[in-house]
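Listed below, chain by chain, are the residues.
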Amino acid sequence: MAGAAVSRIERLAAQLDEPLLVTSGVNVRWLTGLSSSNAAVLVEPDGDATLYTDFRYAQKATAIDGVRFQQTARAVIGELANLFAGRTIGVESHVLTVAANEQLRKGGVETIPQSSILERLRATKEPGEVETMREAAAISDRVFAALADEQFTGRTERELAWRVRELFHEHGSSELAFDTIVAAAENGASPHADVRDVEIPVNTLVTIDAGCRVDGYASDCTRTYATGDLPDELARAYEVCLEAQLAGLEAYGPGVSGRDADAASRDIIAAAGWGEEFGHGLGHGIGLEVHELPAARAESTDTFEAGNVISCEPGIYIPDLGGVRIEDMVLVTDEGSERLTHAPKELTTVR
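Residues numbered from 1 in each chain as written. Predicted model: local features only at pLDDT ≥ 70, side-chain atom pairs only at ≥ 80, totals over all residues. Heavy atoms only, no water.

*Asks:* Hey, could you run me through the overall build of the chain in this one?
*Replies:* For the chain, the helix and strand inventory stands at 10 helices and 18 strands. What you see for the chain is a C-alpha radius of gyration of 22 Å, in line with the 20 Å of a compact globule of 351 residues. Each of the three principal axes of the chain carries a C-alpha extent, and together these read 70 × 40 × 35 Å. In the chain, which comprises 351 residues, the share counted as buried stands at 54%. In the chain, the share of contacts with a sequence separation of at least 24, taken over all contacts with a separation of at least 6, comes to 63%. Counting every atom, the chain has about 14800 Å² of accessible surface; 48% of that belongs to carbon and sulfur. Put simply, the chain has 30 plus and 57 minus side-chain charges, and the middle of one group is 5 Å from the middle of the other. (Helix = DSSP H or I, 4+ residues; strand = E, 2+ residues; numbered from the N terminus. Rg over C-alpha atoms; globule rule 2.2 N^0.38 Å. Buried < 20%, exposed > 50% of the residue type's maximum accessible area, 1.4 Å probe, protein only. Contact = heavy atoms within 4.5 Å. Areas by Shrake-Rupley, 256 points an atom, 1.4 Å probe, with all protein chains shown as cover. Lys, Arg positive; Asp, Glu negative; His and termini not counted. Charge placed at Lys NZ, Arg CZ, Asp CG, Glu CD.)

Following this line, the structure appears as structure tokens:
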């Protein structure tokens, strides 16, 4: 991590006009390798960086090469207000609380709001990050392959969600990226449905959205299964959603706007008469966080670059009937794109 930390700090410093105080836990980890609930990094425009944290993380922080370490009291921001008195520094305005910013200002620190500088750097994955995400995606593939052999009907959504957790452990990950979604029948009409203590019925669709972590990096994949013969409307919705997802995947590549990528899928769903039933964006960046930059949605101003890892997940949600979503992780490359998740997408009927 030492070389990566130095390189990342240099990349950040090259974009700074004044020192930047990094307080996002995810950004501190990405910059230095330190996972902590109570740390900050001050990065100077010349590339000098100081890591501030309390006694609990001191041994880990001391071992990090390329970063100076200074131990603080438990109240890190309070101490930094005194240390930086009379200085002008940038702060992560989308992360730092109003109270913490006011604490700095009362200590004599002039703060300049900055937003998403590090998030945009993180959006372009380094080769080592990509390999870690490949591993997480491969675990997801094994889990979804195993799911096709599981009993769905007669189990509750909550019981099946717990089985998904067990499968991730069995296939090599000890941590979920987020709470698994299992949404059957009418519950599938909600994109982020709550898991219920309700038995999964026959002759409907079941959406499963799940992911894991490897060394902190997330996977995110969704497949929708049939539990028997489907009503015509649900069968047709699956066909249209799959067509839209394949079109979205085809659109992903370097230089493509998030808006245009979204439209590639959205236009197909709208033409089928379900435009109002696809109410979220096509995709989001994935990395140390499940939702990162760039975004693929109608109002996006992002442009895809090689190294982005983005979801492609159109959905159709029909009230009181059911829903379908199909999601893959996609790596944008110099030549186009590469799918990182490979679980089958043809409609699978389960027990």
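*Asks:* Which parts of the structure should I look at to understand the nonpolar core?
*Replies:* Soluble, globular proteins show a tendency: their nonpolar side chains are buried together. Membership of the largest hydrophobic core comes to 36 residues, with the highest contact counts inside it found for Leu12, Val22, Leu31, Val43, Leu51 and Leu118. With near-sequence residues (within four places) excluded, Leu118 lies in contact with Leu12, Leu20, Val22, Asn27, Trp30, Leu31 and Glu92. In terms of nonpolar packing, the next biggest core, distinct from the first, is built from 26 residues, Ala136, Leu167, Val206 and Val350 among them. (Core = buried A, V, L, I, M, F, W, Y, C linked by side-chain atoms within 4.5 Å.)

*Asks:* Looking at this structure, how should I read the packing of helix H9 (residues 232–251) against helix H10 (residues 258–271)?
*Replies:* Helices that pack against each other are described as a pair by the angle of their axes relative to one another and the distance between those axes. In the contact formed by H9 and H10, the axes pass within 8 Å of each other and the chain directions differ by 160°. The angle between H9 and H10 falls in the class roughly antiparallel. The way H9 lies across H10 gives a crossing that is right-handed. In this structure, H9 contributes Val240, Glu243, Ala244, Gln245, Ala247, Gly248 and Ala251 to the contact, and H10 contributes Ala261, Ala264, Ser265, Ile268 and Ile269. Classifying every residue of the contact of H9 with H10 gives 8 nonpolar, 3 polar and 1 charged. (Axes fitted to C-alpha atoms, helices over the stretch in contact; angles between N-to-C directions. Parallel < 35°, antiparallel > 145°, perpendicular 65-115°, else oblique. Left-handed = near helix turned anticlockwise from the far one by under 90°. Nonpolar A, V, L, I, M, F, W, Y, C, P; charged D, E, K, R; others polar.)

*Asks:* Whenever I open this one, the side chain of Arg266 confuses me. Can you help?
*Replies:* Take Arg266: it is sitting in helix H10. With a relative accessible area of 19%, Arg266 lands in the buried category. Within the structure, the side chain of Arg266 is placed 2.7 Å from the backbone oxygen of His280, a separation counted as a polar contact. Not counting residues up to four positions away in its chain, the partners in contact with Arg266 are Phe278, His280, Gly281 and Leu282. (Polar contact = N/O pair within 3.5 Å; in protein donor to acceptor, adjacent residues only side chain to side chain.)

*Asks:* Please clarify how the pattern of salt bridges should be interpreted in this entry.
*Replies:* A side chain with one charge may pair with a side chain of the opposite charge, provided their charged atoms come close. Taken as a whole and judged by the stated rule, the model has 28 salt bridges. Across the pair Arg163 and Glu170 runs a salt bridge whose closest N-O atoms are separated by 2.9 Å. What emerges from the salt-bridge pattern is a single network uniting Glu150, Arg155, Arg163, Glu166 and Glu170. (Salt bridge = Lys/Arg side-chain N within 4 Å of Asp/Glu carboxyl O.)

*Asks:* Looking at this structure, I do not really get the sheet that holds strand S8 (residues 205–210). What am I missing?
*Replies:* Two strands in a sheet stick together by hydrogen bonds in their backbones, pointing the same way (parallel) or opposite ways (antiparallel). Ordered in space as S7-S8-S11, the 3 strands form an open sheet in which the pairing is antiparallel. The strands lining the two open edges of the sheet, one partner per strand, are strand S7 (181–184) and strand S11 (221–226). Taken pair by pair, the neighbouring strands of this sheet meet at an average axis angle of 15°, ignoring direction. By the bridge criterion, 6 bridges tie S8 to S11 in an arrangement that is antiparallel. By the bridge assignment for S11, Leu205 is matched with Ala226. Packed on one face of the sheet, helix H7 (residues 127–147) meets S8 and S11 and runs near 10° to S11. (Pairing = 2+ DSSP bridges.)

*Asks:* Even after reading the chapter, I still don't get helix H8 (residues 157–170), so can you show me in this structure?
*Replies:* An α-helical turn contains 3.6 residues, so any two residues separated by three or four positions project in the same direction. The terminal C-alpha atoms of H8, which comprises 14 residues, lie 20 Å apart, in line with the 20 Å expected from a rise of 1.5 Å per residue. Every buried residue of H8 is accounted for by Glu157, Leu160, Ala161, Arg163, Val164, Leu167 and Phe168. Along H8, the residues classed as buried sweep out an arc of 155° about the axis, all on the same side. When the buried face of H8 is taken as reference, the exposed residues oriented beyond 90 degrees from it are Trp162 and Glu170. (Expected span 1.5 Å × (residues − 1). Arc of directions from axis to C-beta.)

*Asks:* How should the packing of helix H4 (residues 76–83) against helix H5 (residues 98–106) be read in this particular structure?
*Replies:* Between H4 and H5, the least distance of the axes is 8 Å, while the angle of their chain directions is 25°. By the angle between their directions, the pair H4 and H5 is classed as roughly parallel. Handedness of the crossing formed by H4 with H5: right-handed. Between H4 and H5, the residues in contact are Ile77, Gly78, Leu80 and Ala81 and Ala100, Gln103 and Leu104, respectively.

*Asks:* Would you mind showing me how to read the side chain of Thr156 here?
*Replies:* Here Thr156 lies in the loop between H7 and H8. When its relative accessible area of 13% is taken as the criterion, Thr156 is described as buried. Leave out the neighbours within four places in its chain, and Thr156 touches Arg196, Asp197, Val198, Glu199 and Ile200.

*Asks:* I would appreciate a short explanation of the sheet that holds strand S6 (residues 110–114) in the present structure.
*Replies:* Judged by pairing direction, the sheet is mixed, and its 6 strands sit side by side in the order S4-S3-S2-S1-S5-S6 without closing on themselves. Of all strands in the sheet, those with a lone pairing partner are strand S4 (68–71) and S6, marking the two edges. Adjacent strand axes in the sheet meet at a mean angle of 30° when their direction is disregarded. Where strand S1 (residues 20–22) and strand S2 (residues 39–43) come together, 3 bridges link them in antiparallel fashion. Across the sheet, Leu21 pairs through a bridge with Leu42, a residue of S2. Its contacts with the sheet place H5 against S1, strand S5 (88–92) and S6, and it is angled at close to 145° to S6.

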